[in-house]
Amino acid sequence: MRILMFGWEFPPHITGGLGTACFGLTKGLSKHDVEMIFVVPKAYGDEDQSALRLVNASDIQFDFKDESFAEYWSKIKYMEVGSNVIPYVDPEEFSNVIEKNKKTGESYTSNVFSKNYVFSGKYGVNLMEEVSRLALIGSGLAAKEDFDLIHAHDWLTYPAGIAAKKTSGKPLVVHMHATEYDRTGENVNTLVFDIEKQGMEAADRVITVSDLTRRIVIEKYGIDAGKVITVHNAVDQNVTSEIADIKKNLKEKVVTFLGRVTFQKGPEYFIEAAHKILQRDRNVRFVMAGSGDMLNKMIDRVAQLRIADRFHFTGFLKGNDVTNMFALSDVFVMPSVSEPFGIVPLEAMRSNVPVVISKQSGVAEILEHALKIDFWDVDAMADSIYGLCHYDALSSMFKKHGKVEVENLKWEKAALKVKQVYEPLMSK
Amino acid sequence: MKSICFYFQVHQPFRLRTYRFFDIANKHDYFDSYNNSFIMRRVAEKSYLPMNKLLLELIREYGSAFKVSFSISGMALEQFEAYAPSVIDSFKELAATGNVEFLAETYAHSLVSLKNEAEFKQQVEMHANKIENTFGQKPTTFRNTELIYSDEIGASVADMGYKVMLTEGAKHVLGWRSPNFMYTNAINPKLKLLLKNFRLSDDIAFRFSQQSWEGWPLTPDKFTDWLNQVDEKEEVVNLFMDYETFGEHQWKETGIFDFMKKLPEAVFSNTGFTFATPAELGEKLQPVSSIQVPNPISWADEERDLTAWLGNDLQDEAFGKLYDLNSLITKCDDAEIMKDWMYLQTSDHFYYMCTKWFSDGDVHRYFNPYSTPYDAFINYMNVLSDFIIRVEQASGSSKPEIEGLKSAFSDLTDQAEKLARKQATSTARKVKKTLSKSKDLKFEDIKDLSNTAVKKLIKDIPIDELTIAMKDAETEIREKVIPNLGKRAKAQYDSIESELKKVKKSDIKKYRQQIENKFKNMFG
């Protein structure tokens, strides 16, 4: 079985959970004798290709005079850069790019149809243009490569998936790692929404990372429930490289929020819960690790509540600092307002940190050894945090069972389910 | 004879290094010695050294006719010692001429005057000692950080024995009055005040190189023309500014050094002005009146208030948390902690957290290590969090314990208060009852009467009537009445009671009524 797979990023060059999930899934699939051609807009050459063949879309020339594309490329609609494209995972990167472009006076004249095109593979101002270019490459590859099925990860690659399907006639599976509703709340970017909807409509199967996402797909996008299947994410089990190199000298308990500081992640509820706890118990410190468009507002709030001597900010954490952060933490909290899956709590549990997660996260569907609360229920959040900080029996139980639970969330199992999604399509 | 009074502020903060959350409780070095030394050397070279040289030459040329004054913060002095010792030497040379006055300020260039009088006085003393040890002069003039002044601050400065204090000639304080006179503190008239002439000061400090300014280019002749326009009766023009004006805020290329070099000559030949130091003016001039400053003023920005340092949530939180440590600090005698305590109080840390300049000019970005006030706040709070831990350890009491004590204490006071209140209410009720006895005391109120009163009452009532009235009465009433019966009456009572079987309710009521009437006679 050979799959033509489209993704936007691949480890180690990742900005969010998407690349990590693709990596885990492909490794899992390779154990079930699935071969993959994995197409990314930009490859750097240092990716782990043991499980698949990585294709760098930047290396592929495209000649629109080529007869084999003539029929198809006319169908691909060139998509203008939306004025309010919400960057997918990395808002800072997005604004940096815009700033840089302003300074250098770079123009955005489209060269989607030029022979050579260099992808940034990032989430910048040329995002829509790159999405379109990947679609062209997709249709080209589909005509040349030999494969049984197409699998596209997230909306950025859906146009490529659709193009490949139209060119080759092979079945298409699209994978919803996140929906536009998760990213932006109710203020959806219609351009993105439309691409997601078209992708799912064109697909033979839609894989969602949680039942929560499955419901959104069915209810908000009107996709036929019969073709939407949930396959929960898993965790990479081989993490020997990350060893904390920090000693905890703080005598207080440390409660951590780690993630982007954006609306979707519910940082303000974490602060309110912290405030409630600190009114009763000063022997706790809270940490907000990450950055995002709501960070300054959160700093203001913490200052206003006069808790800044017990509530700390670290900014965006890279590499080993994440491991160190977990090593210092006694409780991890993910109060997401809307989280399709949410892999960070699993990483926390793997590092022996008990977790409090919102019921509005996909990961809550599969975790047993986690305290689950509604993101808006600040009192319940405070209770849970307090309990894990002070009742040792509770936290040690969560640590012990949580680790085992996470160790059982193997990509191999998730990949098998994905393979079972492929199989009936192949026999058609 | 009118005077020009030059006062130059010399200050550099100990800027913080990037101090991360991970450093809290692990690392205790807070300051960016590389950057601080770099900046200090740069400013020394561009400003302090050439300007000191220029002033020394002027003093040598004009003798006692040319005078200036300096306030050098403890933070700047320490950094001179560490990074640019030749600057100290050149200031010492100036001091040796006898034409230079050195003023006292808070050692840390802090805002402590707004928070804690005892700590304020201590810091001023610390600075005055440092000045005396370094320059051999005991300061008699005081200037507060950023010229911050209020009636109260002035009064505590007077307490410390200072004769003259400098502050801003803020329009909203002066109203129609001129800054070109000497005034006095509103609470203690012994303290004389010299007010900054902000127009003429800022012409040099801020506008000197502004080509869009109508006064540009500023020449000594033009400046002396303006001095000559000062009203005849006015006595002093106070030119107060940052010393970094010369060579740093206004670069050498703007001609600022040439201007200063030629200014004394122009003053002597074109005007009737002489140069004087604040201490001299304090002796020489008669104050014209006191001046009311109930709310603190400063020399900053258009508003001349404190909003550059305090007022937004970030600043108030950091400032509040810092000075919460005050009482614990008094229990510490660790030299490193005391040093950091000083360095962390420097006003610049709070200045970096100011949010009102998002749209404003570059004056405020001068050597600011942070790109946003939020970065400044986070970094400062990280450092402060570590510092708090050290202070708690060194003072032998962690805050939670103190808070525990505090809360236990307040619980106790609460309880005591409750008890007292209860007691007070019941007493008040009794008093009230006694007072209203004459009016409508009820039979049941017997229980609240004194024993004497009960005895008196019983005397007037036939024992059989009493026994009937007592039938089915509350225990409390029985316990009040029966022990007060005489021996004989008690025996009678007992025998009547044992015979009483059925008593009409109306009878009980009737006799109780009679007793109530007796009340009226007794107390009426």
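What comes next is a walk through the structure. (Residues numbered from 1 in each chain as written. Chains lettered and ligands numbered in written order. Predicted model: local features only at pLDDT ≥ 70, side-chain atom pairs only at ≥ 80, totals over all residues. Heavy atoms only, no water.)

1. So, the overall build of chain A
Move 1: Assigned secondary structure in chain A consists of 15 helices and 13 strands.
Move 2: Counting every position in chain A, which comprises 428 residues, the buried fraction comes to 58%.
Move 3: Nonlocal contacts in chain A, meaning residues at least 24 apart in sequence, comprise 69% of its contacts between residues at least 6 apart.
Move 4: Approximately 17400 Å² of chain A is accessible, and the part contributed by carbon and sulfur atoms is 49%. (Helix = DSSP H or I, 4+ residues; strand = E, 2+ residues; numbered from the N terminus. Buried < 20%, exposed > 50% of the residue type's maximum accessible area, 1.4 Å probe, protein only. Contact = heavy atoms within 4.5 Å. Areas by Shrake-Rupley, 256 points an atom, 1.4 Å probe, with all protein chains shown as cover.)

2. Describing the overall build of chain B
Move 1: Of regular secondary structure, chain B possesses 21 helices and 10 strands.
Move 2: Relative to its full complement of 524 residues, chain B shows a buried share of 54%.
Move 3: Sequence-distant contacts in chain B: of pairs separated by 6 or more residues, those separated by 24 or more amount to 78%.
Move 4: Accessible surface, chain B: about 24500 Å² in total, of which carbon and sulfur atoms supply 50%.

3. Quick notes on the nonpolar core
Move 1: Counting residues in each nonpolar core, the largest one holds 136 residues, and the members touching the most others are F286(A), F311(A), L346(A), I385(A), Y380(B) and F387(B).
Move 2: Every residue in contact with I385(A), bar those within four places of it in the chain, is listed here: V255(A), A273(A), I277(A), F286(A), V331(A), V333(A) and V356(A).
Move 3: Listed in part, the 69 residues of the second largest apolar core include I3(A), M5(A), V131(A) and L141(A). (Core = buried A, V, L, I, M, F, W, Y, C linked by side-chain atoms within 4.5 Å.)

4. Let's talk about the pattern of salt bridges
Once their charged atoms are close, side chains differing in charge can pair, the charge on each being opposite to the other.
Move 1: Applying the stated criterion to the full structure yields 43 salt bridges over all chains.
Move 2: K27(A) serves as the salt-bridge partner of D236(A), at 3.9 Å between the closest nitrogen and oxygen. Pair noted here: D236(A) is in the loop between β7 (228-230) and β8 (253-258) and K27(A) is in helix α1 (residues 17-31), with a separation of 209 residues, a long-range link.
Move 3: Taking the relative accessible area as the measure of exposure, D236(A) reaches 21% and is therefore partly exposed.
Move 4: A salt bridge links E248(B) to R42(B); its shortest N-O distance comes to 2.7 Å. Pair noted here: E248(B) is in the loop between β8 (236-242) and α9 (256-270) and R42(B) is in helix α1 (residues 33-62), with a separation of 206 residues, a long-range link. (Salt bridge = Lys/Arg side-chain N within 4 Å of Asp/Glu carboxyl O.)

5. Some points on the interface of chain A and chain B
Move 1: Between chain A and chain B, the contact holds 28 residues from the first and 24 residues from the second.
Move 2: Contact between chain A and chain B buries roughly 2300 Å² in total, counting both sides, with carbon and sulfur atoms accounting for 60%.
Move 3: Together, I299(A), R306(A) and D309(A) form the three largest contributors to the area buried by chain A at its contact with chain B, with a combined 21%.
Move 4: Our count for the contact surface shared by chain A and chain B stands at three salt bridges.
Move 5: Here D309(A) makes a salt bridge to K321(B), at a shortest N to O gap of 3.2 Å.
Move 6: Connecting chain A to chain B are eight residue pairs in polar contact (both at pLDDT 80 or more).
Move 7: Elements with a minimum of two residues in the side of chain A that touches chain B: β9 (284-289), α10 (295-304), β10 (311-315) and α11 (320-328) of chain A.
Move 8: Residue contributions to the side of chain A that touches chain B peak at six residues, all from α10(A). (Buried area = accessible area lost by both parts, 1.4 Å probe. Polar contact = N/O pair within 3.5 Å; in protein donor to acceptor, adjacent residues only side chain to side chain.)

6. Thoughts on the packing of aromatic side chains
All names here are of chain B.
Move 1: In total, this model carries 51 aromatic pairs over all chains according to the counting rule given.
Move 2: Ring centres 5.4 Å apart and planes at 90 degrees place the aromatic pair Y48 and F80 in the edge-to-face group. Of this pair, Y48 sits in helix α1 while F80 is found in helix α2 (residues 74-83), placing the two residues 32 residues apart along the sequence. Neither Y48 nor F80 differs from the other in exposure class; each is buried.
Move 3: Its guanidinium or amino end placed over the ring of W226, R199 lies 5.7 Å from that ring's centre, counting from NZ or CZ.
Move 4: Lying over the aromatic face of F198, R304 brings its terminal NZ or CZ to 4.6 Å of the ring centre. (Phe/Tyr/Trp six-rings, centres within 6.5 Å; stacked < 30°, edge-to-face > 60°. Lys NZ or Arg CZ within 6 Å of the ring centre and 35° of its normal.)

7. Digging into the environment of G402(A)
Residues and elements named next belong to chain A.
Move 1: Mapped onto the fold, G402 is located in helix α14 (residues 392-407).
Move 2: Taking the C-alpha atoms as reference, G402 lies 8.5 Å from V353; in sequence the two are 49 residues apart.
Move 3: Dropping the residues within four chain positions of it, G402 is found in contact with M349, H369 and M397.

8. A short note on the side chain of E405(A)
All names here are of chain A.
Move 1: One can find E405 in helix α14.
Move 2: A polar contact of 2.9 Å, which involves the side chain of E405, links it to the backbone nitrogen of H369.
Move 3: Excluding residues within four positions of it along the chain, E405 makes contact with M349, I366, L367, E368 and H369.

9. Description of the sheet that holds β9(A)
Residues and elements named next belong to chain A.
Move 1: Across the sheet, which stays open at both edges, the six strands sit in the order β10-β9-β8-β11-β12-β13 with parallel pairing between neighbours. Looking at which strands have only one partner, the edges of the open sheet turn out to be β10 and β13 (371-373). The sheet shows a mean angle of 20 degrees between the axes of neighbouring strands, direction not considered.
Move 2: Where β8 and strand β11 (residues 331-334) come together, two bridges link them in parallel fashion. When the sheet's bridge partners are listed, V255 is paired in β11 with V331. (Pairing = 2+ DSSP bridges. Axes fitted to C-alpha atoms, helices over the stretch in contact; angles between N-to-C directions.)

10. Description of the side chain of K227(A)
All names here are of chain A.
Move 1: If you trace the backbone, K227 turns up in the loop between α8 (211-221) and β7.
Move 2: The buried charged residue K227 lacks any salt bridge partner; its closest oppositely charged side chain belongs to D224, at an N-O distance of 6.3 Å.
Move 3: A polar contact of 2.9 Å, which involves the side chain of K227, links it to the backbone oxygen of M200. (Lys, Arg positive; Asp, Glu negative; His and termini not counted.)

11. Overview of the sheet that holds strand β7 (residues 192-196) of chain B
Residue and element names in this part refer to chain B.
Move 1: Taken in spatial order, the five strands of this open sheet run β4-β5-β7-β6-β10, and their pairing is mixed. At either margin of the open sheet sits one strand with a lone partner, and together these are β4 (141-143) and β10 (289-291). Strand after strand, the sheet turns through a mean of 45 degrees between neighbouring axes, direction not considered.
Move 2: Sheet analysis places strand β6 (residues 182-185) next to β7, joined by three bridges and oriented antiparallel. Bridging across to β7, T184 finds its partner in K192.

12. Concerning the environment of G290(A)
Residue and element names in this part refer to chain A.
Move 1: Mapped onto the secondary structure, G290 falls in the loop between β9 and α10.
Move 2: Residue G290 is classed as buried on the basis of its relative accessible area, which comes to 5%.
Move 3: Between the C-alpha atom of G290 and that of T314, which follows or precedes it by 24 residues, the distance is 6.7 Å.
Move 4: Those residues in contact with G290 that sit more than four places away from it in its chain are G259, V261, L295, T314, G315 and F316.

13. What about the pairing of strand β5 (residues 172-176) of chain A?
Residue and element names in this part refer to chain A.
Move 1: Burial of β5 is extensive: five of the five residues sit out of reach of the surface.
Move 2: Residues of β5 alternate between two faces, with L172, V174 and M176 on one and V173 and H175 on the opposite face, all of them buried.
Move 3: Summarising the sheet, strand β4 (residues 149-153) and β5 pair through four bridges and their orientation is parallel. Among the inter-strand pairings, A152 is bridged to a residue of β5, identified as V174.
Move 4: Taken together, β4, helix α5 (residues 158-168) and β5 constitute a β-α-β crossover, and its handedness is right-handed.
Move 5: Where β5 meets strand β6 (residues 205-208), four bridges bridge the pair, whose relative direction is parallel. In the sheet register, V174 faces β6, and the bridge partner there is V206. (Right-handed = clockwise from strand over helix to strand, strands pointing away.)

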